[in-house]
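Letter by letter, the chains look like this.
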Amino acid sequence: MKKRNVLDWGLRLAVFIAAVGVWELFVSTAQNFLLPRFTDVARGLFRLLFSEARFWQALYISNQALILGFAISVGIGIPLGLLAGRFRWMDRVLNPYVGVLLTMPVAPLIPIVIIALGLGIAARVFIVVLFAFVFITVNTRAGVRSVEASLIEMAKSFGASEAQIWRRIVIPGALPAIFAGMRIGLGRAVTGMVMVELILVASGLGRLLLEFSGRMQSDLVFATVLAVIIEALALLAAMQALEKRITRWAPNIAIG
Amino acid sequence: MIRVRGLSKEFGTLDNGNGGVLALSDIDFEVHDNEFVTIIGPSGCGKTTLLRIIAGLIPYDHGEVTIDGRPVTGPGPERAVVFQNFALMPWADVLSNITFGLEIRGASKDECQAKAIELIKLVGLQGFERRLPKELSGGMQQRVGLARALAVNPQILLMDEPFGALDEQTRRLLQEQLLRLWEHKRKTVVFITHSMDEAVMLGDRVMLMTPRPGRVKEMIDVPLERPRSREVEKSSAFLEIKEYLWDNLRAMQSGDA
Amino acid sequence: MTQETVTAAKSIAMRGIAWPRGLRRFAGNGALEILALAGGALVWEALGWGLRLQWLPPFSKVMEALLQFVYRGVILANLGSSLQALVLGFSLSLVLGLIVGALMGRYRVVEKALDIYVHALFVCPSIVFAPIFFAVFGLSDASRIAIIVVYAMFVMVINTSTAIRTVDPSLVEMARSFGCRERQIFFRILLPASLPLVFAGIRLGMGRAVKGMINGEMLIAFVGLGALAQRYGAQFDAAKVFAIAMVVLIIGLLCNALVQILDNRLTRWAD
């Protein structure tokens, strides 16, 4: 088994090297002087991480919206999903709105949010919430519905109260899906944060990106983007590890 | 004639030669032309592996497997397989499923059509030609599987617990149908089963296998007269053989064979 | 929930009250959902008139703006540009997605080599590549198309590769037992068997492509619906912005329906 693992990672490394190779080739042959080399980007990333205090400042500011927004999304999304899962009439009432929010891109609504809330942190948090909470709701609801009716029946046959059914059957049963929803919601929240930064050009990463591209420092532009990608992947990996920990027993079904 | 000598098969060996599981060890037996041999043994004894080796679907490590003197190196036109979970293409209708083997082997559209109609009548599925597998019961699906195997006119029919996924009533009906078909046009059949009733009811000989690594414990003759009818299940000869099988199997399952 | 429990739940919900039979049937078929939507529209209308907020025009005003768009051909002009990018971007991502996915599904080497990259690109927010494409392609259609490809491609890669990898192995074995060669197995078994899941991926990819189209336009291009939304936003004309959002929503729903029809046609055999 170990041998196979080494081989696999060797393959992945080979792909990485090949990709970098193609990148370097493209840069050297293209006329575009705005295109940085891989080494430039790597160096840029180092610079941002270790000698640019402004980068960490911007990261901190941008992430405020992310964390607050995600927390609120969870706070709204999970209860809504639980209710929709448990009470059929509520589910049917919410269903069309959920359907709309799932398919409709949030981006066109951003100008409206700006009109309503301005350019401050409230608007940024609200946009993140808009991006994320529906996915948490949908997955939570699916989780509640996935709890076998026969399990609830079984609990009732032993005389369990509504509260007990919730605590001991429904919530544990729905937990895998709830966590999957949070994982997907986190990804969406990051998307929301990035959209906010790029459209509002707020005081965080968006402002930084604008500055770098204005000064033609494309290596730093790429490096910043790379940093955001790394942050997103790290957050999602952490969430997934948490999810795996808590839900070792469950099969894999998620919406989003 | 199928001839197996000193066959052994190992699974999961690493490159350095260690770590494998011996599924079959030193298997020796023969199946004569047009003979119906049933194979029975405890779970995990390798019966399915043996069948797949004869079918040419998996390679073997040691020994010799020949059909009419020619060694088995892969699937061939003289053999056809019937699978336990039917293996029907869910997107194709009954007719297309039946003609699949023929099409692969290059038969013309007319040949396929004619053969299919003949076989549908043979297995009793008239009226269901255009239906999809999901619209059929388990018993009907397996009849399609049987028809598909018969369509390519094989000399040897390899059947891997074909009725194992069906309920008892359907199973009994299909056993009777299979016997009727076989009486009508005899072929060599190798039939794997878990059921002692089935093994004795259908076979000319029953091959009893040992737990892993599978060996041939014994080849038991079934001298009941053909054609077999349900009456035969009550005969003392039948019950004797069945008892004998069960005594052996029970002993093997609990570990003191 | 199984089909029986769903119908059981429905009948229990209806039982307590002596609804006339016609109403009961009506209620069973989505009436509650329609009522909920209608109710929402009414509330929107009321709040719009009552609160007189700049960012919340009454629902009727939004509808008016929408109709104005259609009447004056504003939608068509910008729609054309948007849809062009959408079609090109989606087609490209479809081809790439299916090919890469098929290779990954079929050849383990390819799967192991690419899986972490595909997964990473799938989970990370695709919009983050916008500045990169802008730097590479500038203010052009290529940027918009590239964004759509990044949005849509990876979900199709993953679905296609999973679809091919999870084809019932006994079907492959059956085909082999009849003497099928590798190429025949691919076209006669792997391809049809993987169709349902591949279509699910295409449906998801379609939705993603529409989002990529609008997100990209709001950031990069100064053409298309996204640009309109930005412009009206700058003019504080909320009714028009809402109207544009609705147009995009409708586009998304139509595209989804299109794929759904094709899916139903081709995978009637799946359950």
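On a predicted model such as this, the values are computed, not experimentally measured, just so you know.

Thoughts on the overall build of chain A
Here is step 1: The helix and strand tally for chain A stands at 10 helices and 0 strands.
Here is step 2: Ordered by position from N to C terminus, the α and β elements of chain A give α-α-α-α-α-α-α-α-α-α.
Here is step 3: Seen along its three principal axes, the alpha-carbon backbone of chain A occupies a region of about 75 × 60 × 30 Å.
Here is step 4: Among the 256 residues that make up chain A, the fraction classed as buried is 41%.
Here is step 5: Contacts in chain A between residues far apart in sequence, at least 24 positions, make up 81% of those at least 6 positions apart.

What to know about the overall build of chain C
Here is step 1: Looking only at helices and strands, one finds 11 helices and 0 strands in chain C.
Here is step 2: In chain C, the succession of α and β elements from N to C terminus is α-α-α-α-α-α-α-α-α-α-α.
Here is step 3: Scored against the burial criterion, the 271 residues of chain C give a buried share of 41%.

Section: the nonpolar core
Here is step 1: Of all hydrophobic cores here, the largest spans 210 residues; its most connected members are I127(A), V128(A), I54(B), V190(B), A130(C), I148(C) and I244(C).
Here is step 2: Considering every element that reaches this core, the biggest residue donor is helix α8 (residues 162-200) of chain A, with 18 residues.
Here is step 3: Residues contacting V190(B), with those up to four places away along its chain left out, are V31(B), V37(B), I39(B), L51(B), I54(B), L158(B) and M159(B).

Digging into the arrangement of the chains
Here is step 1: Considering every one of the 2 pairs of chains in contact, the largest contact total is recorded for chains A and C.
Here is step 2: What separates chain A from chain B at the closest point of their C-alpha atoms is a distance of 9 Å, and the two make no contact.

Topic: the interface of chain C and chain B
Quoted interface sizes are often the accessible area lost when the parts come together.
Here is step 1: Taken together, the contact between chain C and chain B spans 14 residues of the former and 18 residues of the latter.
Here is step 2: When contributions to the side of chain C that touches chain B are tallied by element, the ones reaching two or more residues are α8 (169-177) and α9 (182-219) of chain C.
Here is step 3: Among the elements that make up the side of chain C that touches chain B, the one with the highest residue count is α8(C) (6 residues).
Here is step 4: Among the residues making up the side of chain C that touches chain B, the classes are represented as 7 nonpolar, 4 polar and 3 charged.

Some points on helix α3 (residues 59-72) of chain C
In an α-helix, one turn spans 3.6 residues; hence positions three or four apart end up facing the same way.
All names here are of chain C.
Here is step 1: The first and last C-alpha atoms of α3 sit 20 Å apart over 14 residues, in line with the 20 Å expected at 1.5 Å per residue.
Here is step 2: Those residues of α3 not exposed but buried are F59, V62, A65 and F69. The buried residues of α3 occupy an angular sector of 125° when the element is viewed end-on, so they sit on one face. Away from its buried face, by an angle of more than 90 degrees, α3 presents the exposed residues L67, Y71 and R72.
Here is step 3: Looking one or two residues past α3, G73 carries a phi angle of roughly 75°, positive in sign.

Considerations on the sheet that holds strand β6 (residues 79-82) of chain B
All names here are of chain B.
Here is step 1: Within the open sheet, the 6 strands sit side by side as β6-β7-β8-β3-β9-β10. Their pairing is mixed. The open sheet has two free edges, formed respectively by β6 and β10 (216-221), since each of these has just one partner strand. Averaged over all adjacent pairs, the angle separating strand axes in this sheet is 15°, with direction ignored.
Here is step 2: Relative to the sheet, helix α4 (residues 138-151) contacts β6 and β7 (156-160), its axis offset from that of β6 by approximately 175°.

As for the interface of chain A and chain C
Here is step 1: Opposite the 47 residues of chain A that make contact, chain C presents 50 residues.
Here is step 2: Those elements that provide at least two residues to the side of chain A that touches chain C are α1 (2-29), α4 (88-103), α5 (110-117), α8, α9 (205-214) and α10 (218-246) of chain A.
Here is step 3: Of the residues that constitute the side of chain A that touches chain C, the class distribution is 35 nonpolar, 7 polar and 5 charged.

With respect to the sheet that holds strand β2 (residues 21-31) of chain B
Here is step 1: Read from one edge of the open sheet, 4 strands run β2-β1-β4-β5 (chain B), paired in antiparallel fashion. Pairing within the sheet leaves two strands with one partner each, and these edge strands are β2 and β5 (70-71) of chain B.

Re the domain arrangement of chain A
Here is step 1: Taken as a whole, chain A is organised into domain 1 (1-30) and domain 2 (37-246).
Here is step 2: Summarising the inter-unit geometry, the C-alpha centres of domain 1 of chain A and domain 2 of chain A are found 31 Å apart.

Brief notes about the packing of α4(A) against helix α6 (residues 121-146) of chain A
When two helices pack together, their arrangement is given by the angle between the helix axes and by the axis-to-axis distance.
Residues and elements named next belong to chain A.
Here is step 1: Where α4 meets α6, the axes come as close as 10 Å, and the angle between the chain directions of the two elements is 135°. Between α4 and α6, the angle falls in the class oblique. As for how α4 packs across α6, the hand of that crossing is left-handed. Residues D91, V98, L101 and L102 of α4 form the contact with α6, whose participating residues are V134, T137, V138 and R141.
Here is step 2: Looking at the contact of α4 with α6, its residues break down into 5 nonpolar, 1 polar and 2 charged.

Section: helix α5 (residues 108-123) of chain C
Here is step 1: End to end, α5(C) covers 22 Å across 16 residues, agreeing with the expected 22 Å (1.5 Å per residue, within 8%).
Here is step 2: Along α5(C), the positions that sit buried rather than exposed are A113(C), L114(C), V118(C) and V123(C).

Some details on the packing of α9(A) against α10(A)
All names here are of chain A.
Here is step 1: One way to put it is that α9 packs onto α10 with a least axis distance of 8 Å and a crossing angle of 155°. The orientation of α9 with respect to α10, classified from their angle, is roughly antiparallel. On the side of α9, the interface is formed by L205, L208, L209, F212 and S213, while α10 contributes L220, V221, T224 and V228.
Here is step 2: By residue class, the composition of the contact of α9 with α10 is 7 nonpolar, 2 polar and no charged.

Here we look at the pairing of strand β3 (residues 36-40) of chain B
Residues and elements named next belong to chain B.
Here is step 1: Among the 5 residues in β3, 5 count as buried, and that is most of the element.
Here is step 2: On β3, burial covers both faces: F36, T38 and I40 on one face and V37 and I39 on the other are all buried.
Here is step 3: Judged from the 4 bridges that link them, β3 and strand β8 (residues 188-192) form a sheet pairing that is parallel. Bridge pairing in β8 places V37 opposite V190.

Side note on the environment of L56(C)
Residue and element names in this part refer to chain C.
Here is step 1: Within the secondary structure layout, L56 lies in the loop between α2 (21-51) and α3.
Here is step 2: C-alpha separation for the pair L56 and I145, spaced 89 residues apart in sequence, amounts to 33 Å.
Here is step 3: For L56, the residues in contact, after removing those within four places along its chain, are L47, G48, L51 and A238.

Some thoughts on unusual backbone geometry
Here is step 1: At the junction of R212(B) and P213(B), the peptide bond is cis and its omega measures out at 0° in the coordinates.
Here is step 2: Looking at the secondary structure, you find P213(B) in the loop between β9 (205-209) and β10.
Here is step 3: For the bond from R226(B) to P227(B), the omega torsion is -10°, close enough to zero to count as cis.
Here is step 4: Of note in this structure, F236(C) is not a glycine but carries a positive phi near 60°.
Here is step 5: Along the chain, F236(C) turns up in the loop between α10 (224-234) and α11 (238-266).
Here is step 6: Take F236(C): there are 14 C-beta atoms within 10 Å of it, and that puts it in the partly exposed class.

Brief notes about the environment of L94(A)
Here is step 1: Structurally, L94(A) can be placed in helix α4.
Here is step 2: Expressed as a C-alpha distance, the spacing of L94(A) and L48(A), which sit 46 residues apart in the sequence, is 45 Å.

Rules and cut-offs
Residues numbered from 1 in each chain as written. Chains lettered and ligands numbered in written order. Predicted model: local features only at pLDDT ≥ 70, side-chain atom pairs only at ≥ 80, totals over all residues. Helix = DSSP H or I, 4+ residues; strand = E, 2+ residues; numbered from the N terminus. Buried ≥ 20, exposed ≤ 12 C-beta atoms within 10 Å, placed from the backbone. Contact = placed C-beta atoms within 7 Å. Core = buried A, V, L, I, M, F, W, Y, C linked by C-beta atoms within 7 Å. Nonpolar A, V, L, I, M, F, W, Y, C, P; charged D, E, K, R; others polar. Expected span 1.5 Å × (residues − 1). Arc of directions from axis to C-beta. Pairing = 2+ DSSP bridges. Axes fitted to C-alpha atoms, helices over the stretch in contact; angles between N-to-C directions. Domains from an automatic or database assignment. Parallel < 35°, antiparallel > 145°, perpendicular 65-115°, else oblique. Left-handed = near helix turned anticlockwise from the far one by under 90°.

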